[in-house]
Amino acid sequence: MKIAIVGGGPSGLTLASILGREAPNNEAFDITIFERGAADRDQGSGWDVDEEAQAALLRAGVELESFQRPRSDRMMSYRVDDMDRPIATFRMPPFISDLGVSKEQMGFLASPSLETERKKMVDGLTDALASHTKIIYESYISGLKMNNDGSIDVRGRDGSTLNGSFDVVIDSSGSGSPLRSARFAPEADAHYTGTTYVQGLIHSPEKTLDAELVRLLGEGTLTLYGPTRDGKGTEQLNVQRFGADPSDQVATIWIEVHSEDANRLIEELGFEGIYGITRDPAALQRVTEYTKQQLSGFPEQYQDLFDSIEGARVLPMRMHPFCGETLALTAPNSEGLPFLCIGDALHALPPWSGMSGNYALRDAADLATSLIKQQPREWTSASVAAALRGHERDFMLRTDEKRKATANRSPGYVDYMHSTEFTDFALSAHVLGKPPEEQWSTDDQVDSAVMAETIRFFVLLNSFDNYGMSES
Ligand SMILES: Cc1cc2nc3c(=O)[nH]c(=O)nc-3n(C[C@H](O)[C@H](O)[C@H](O)COP(=O)(O)OP(=O)(O)OC[C@H]3O[C@@H](n4cnc5c(N)ncnc54)[C@H](O)[C@@H]3O)c2cc1C
């Protein structure tokens, strides 16, 4: 079975690696991966990998320790007008674990996972590929050509066919996929959520940030809340370590910008056509100046945190519509195509869902299992396409619950941050995604009160060992 995988990110590589390792006949699959980026591209941080995604990575031959940062499962949140005491600690207090209580039993405040390094994950997956799997870097795929015999050609940037025809094409090129239109109408493309992340990469907080901030950051994540530049809302500034090697001090720093138009900030900061992280000094300068303005409501010592960035990216956050809406918008004559989108190309969710990457790896593992089952049988283009349509529906459907929670939360959250003066800002409302003035029902008010008390209780529990921090 000759397979083209478009996109050498986590889902495409996991699929290829499992097929290479688990197919009973070593060369049952002839796989070519097309990746638009270079092999050594900068990739920054990864994500909180859940149990099913961990299982997929293990099947693909990647050890978790190789991309996870030890002791990074601690998140601290502070108000900039009171840096002596955290307003929230997301961390399992060790004396509770010593009593035999698990993180899951303690709820979400206790359960952040270890931070991960995306490049190490991707490099591990690449190393685990079978020796006959081809990976072609700097190879942008712009479209597909369907042939009469059911096979598919992939087209490069200039429209020419690359590497002959394929029996199956898998699109793992992420939320901006140029191939998705082969299966779904443009109305089913990922839509902008209204939030853009402006991120910087810091080589070493120890060398460039204030010593007290470094202490509060520890090995994990630090969030600071302060006033917006116009004083009418609340702004959030985050710093997070992610280097898998404990001696690596690298960290990301980011703010969330809320705007109606996804391209406005990209254009304003001159990031058109820049994919991923750039180290262009002029682009870094523009990001530094922009973030300084955005943070001008914060006390002076926090306004220049982006001064020392060595890389930057601007990420408008997008999400796809629900499964039902998407399947009502299929492209004509696409049902019988041996073509399937997986991961973010099929069902992207924003980072605050905490699940988009985890679903992507589940898709890769489930699709690998299915192809390994089909391959030894008398498969045809039509039989493979029929199986892929079933997976397409299942892969989308299982993300719907999270999609609903994310879609409900986004507008309330953005409005709350925009419209709540810092003095009135309450973390419980922020976490629930519903401002206090909208909490009319008794249930809402109970939820809000319970959340506020739970957050306070966790801070108290964590204070017994000084939040796992060294003394100042
Ligand atoms: C800041 C941030 C935090 C996140 N946190 C979490 C979290 O906590 N939990 C979670 O589950 N998920 C999280 N995610 C989401 C997660 O990173 C993605 O869901 C995951 O990377 C999707 O994997 P993928 O392989 O499907 O797509 P991608 O990671 O987008 O990979 C796509 C690959 O395809 C390549 N490509 C793109 N277009 C083409 C083309 N035309 N031709 C050839 N190659 C192409 C790209 O260069 C890339 O290598 C987070 C994302 C961000 C940005």
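Our subject is the structure listed above.
Here's what I pulled together on the structure shown here. (Residues numbered from 1 in each chain as written. Predicted model: local features only at pLDDT ≥ 70, side-chain atom pairs only at ≥ 80, totals over all residues. Heavy atoms only, no water.)

## Here's the deal with the sheet that holds strand E5 (residues 134-136)
Here is step 1: Pairing is parallel in the open sheet, where 5 strands are placed in the order E5-E2-E1-E9-E15. Strands at the two margins of the open sheet, each flanked by one partner only, are E5 and strand E15 (339-341). Here the average twist between neighbouring strands, direction ignored, is 15°.
Here is step 2: Of the pairings in the sheet, the one linking strand E1 (residues 2-6) to strand E2 (residues 30-34) comprises 5 bridges and is parallel in character. When the bridges of E2 are listed, Lys 2 appears paired with Asp 30.
Here is step 3: Lying on the sheet, helix H14 (residues 381-397) is in contact with strand E9 (168-171) and E15; it crosses E15 at an angle near 15°. (Pairing = 2+ DSSP bridges. Helix = DSSP H or I, 4+ residues; strand = E, 2+ residues; numbered from the N terminus. Axes fitted to C-alpha atoms, helices over the stretch in contact; angles between N-to-C directions. Contact = heavy atoms within 4.5 Å.)

## Brief notes about the site of the ligand
Here is step 1: Near the ligand you find 31 residues, and of these Ser 11, Glu 35, Arg 118, Asp 344 and Gly 357 are the closest.
Here is step 2: Those elements giving two or more residues to the shell around the ligand turn out to be helix H1 (10-22) and helix H13 (356-374).
Here is step 3: In terms of residue count, H13 provides more of the shell around the ligand than any other element does, 4 residues in total.
Here is step 4: Across the shell around the ligand, the residue classes break down as 11 nonpolar, 14 polar and 6 charged. (Near = heavy atom within 4 Å. Nonpolar A, V, L, I, M, F, W, Y, C, P; charged D, E, K, R; others polar.)

## Considering the packing of aromatic side chains
Two measures describe an aromatic ring pair: the distance that separates the ring centres and the angle between the ring planes.
Here is step 1: The full count for this structure, using the stated rule, is 5 aromatic pairs.
Here is step 2: Here the aromatic rings of Tyr 197 and Trp 254 are separated by 6.2 Å at their centres, their planes lie at 20°, and the arrangement is stacked. With Tyr 197 in strand E10 (residues 191-202) and Trp 254 in strand E13 (residues 251-258), this residue pair connects regions lying 57 residues apart in the sequence.
Here is step 3: On the basis of relative accessible area, Tyr 197 is assigned to the buried category, the value being 9%.
Here is step 4: Given a relative accessible area of 11%, Trp 254 falls into the buried group.
Here is step 5: Here the aromatic cluster, defined as three or more aromatic residues joined through ring pairs, consists of Tyr 197, Trp 254 and Trp 352.
Here is step 6: Here the basic side chain of Arg 36 rests over the ring of Tyr 275, its NZ or CZ set 4.0 Å away from the ring centre. (Phe/Tyr/Trp six-rings, centres within 6.5 Å; stacked < 30°, edge-to-face > 60°. Buried < 20%, exposed > 50% of the residue type's maximum accessible area, 1.4 Å probe, protein only. Lys NZ or Arg CZ within 6 Å of the ring centre and 35° of its normal.)

## Quick notes on the nonpolar core
Here is step 1: Counting residues in each nonpolar core, the largest one holds 60 residues, and the members touching the most others are Ile 3, Leu 15 and Phe 29.
Here is step 2: It is H13 that contributes the most residues to this core, 7 residues altogether.
Here is step 3: In this view, Leu 15 contacts Ile 5, Ile 170, Ile 342, Ala 364, Leu 367, Ala 368 and Leu 371; residues no more than four positions away in its chain are not counted. (Core = buried A, V, L, I, M, F, W, Y, C linked by side-chain atoms within 4.5 Å.)

## Comments concerning the pattern of salt bridges
Where charged atoms from two side chains of opposite charge approach closely, those side chains can pair.
Here is step 1: Scanning all chains against the criterion turns up 27 salt bridges.
Here is step 2: We note a salt bridge from Arg 215 to Glu 212, for which the minimum N-O separation is 3.0 Å. Here Arg 215 pairs with Glu 212, and both are found in helix H7 (residues 211-217), just 3 residues apart, close to one helical turn.
Here is step 3: Take Arg 215: its relative accessible area is 18%, and that puts it in the buried class.
Here is step 4: The partly exposed category is assigned to Glu 212, whose relative accessible area is 32%.
Here is step 5: Residues Arg 456 and Glu 453 are paired through a salt bridge, measuring 2.8 Å at the closest nitrogen-oxygen approach. One end of the pair, Arg 456, and the other, Glu 453, are both in helix H17 (residues 442-463), 3 residues apart, so they sit about a helical turn from each other.
Here is step 6: Using a relative accessible area of 47% as the deciding quantity, one classes Glu 453 as partly exposed.
Here is step 7: Among the ionic contacts, a cluster of salt bridges with common partners joins Arg 183, Glu 335, Arg 389 and Glu 392. (Salt bridge = Lys/Arg side-chain N within 4 Å of Asp/Glu carboxyl O.)

## Some words on helix H9 (residues 281-294)
Here is step 1: Given a rise of 1.5 Å per residue, 14 residues ought to cover 20 Å, and the 20 Å separating the end C-alpha atoms of H9 matches this to within 8%.
Here is step 2: Residues Ala 283, Leu 284, Val 287, Thr 288, Tyr 290, Thr 291 and Gln 294 constitute the buried set of H9.
Here is step 3: On its buried face, H9 is in contact with E10, strand E12 (234-241), E13, helix H8 (262-268) and strand E14 (311-319). (Expected span 1.5 Å × (residues − 1).)

## Concerning the side chain of Gln 236
Here is step 1: Secondary-structure assignment places Gln 236 in strand E12.
Here is step 2: Gln 236 gets classed as buried once you look at its relative accessible area, which sits at 11%.
Here is step 3: For Gln 236, the side chain forms a polar contact with the side chain of Asn 238, separated by 3.2 Å.
Here is step 4: Setting aside its immediate chain neighbours within four residues, Gln 236 contacts Thr 223, Leu 224, Tyr 225, Trp 254, Ile 255, Glu 256, Tyr 413, Met 417 and His 430. (Polar contact = N/O pair within 3.5 Å; in protein donor to acceptor, adjacent residues only side chain to side chain.)

## Overview of unusual backbone geometry
Excluding glycine, a negative phi dihedral is what most residues carry, and trans is how most peptide bonds are arranged.
Here is step 1: One non-glycine residue, Asn 163, adopts positive backbone phi at about 55°.
Here is step 2: Considering the arrangement of structural elements, one finds Asn 163 in strand E8 (residues 161-166).
Here is step 3: A positive phi angle, near 60°, is found at Asn 333, a position not held by glycine.
Here is step 4: Following the sequence through the fold, Asn 333 ends up in the loop between helix H11 (323-327) and E15.
Here is step 5: Judged by relative accessible area, Asn 333 falls into the exposed class, the value being 78%.

## Quick word on the pairing of E2
Here is step 1: Burial of E2 is extensive: 4 of the 5 residues sit out of reach of the surface.
Here is step 2: In terms of strand pairing, E2 meets E5 through 3 bridges, oriented parallel. Among the inter-strand pairings, Thr 32 is bridged to a residue of E5, identified as Lys 134.

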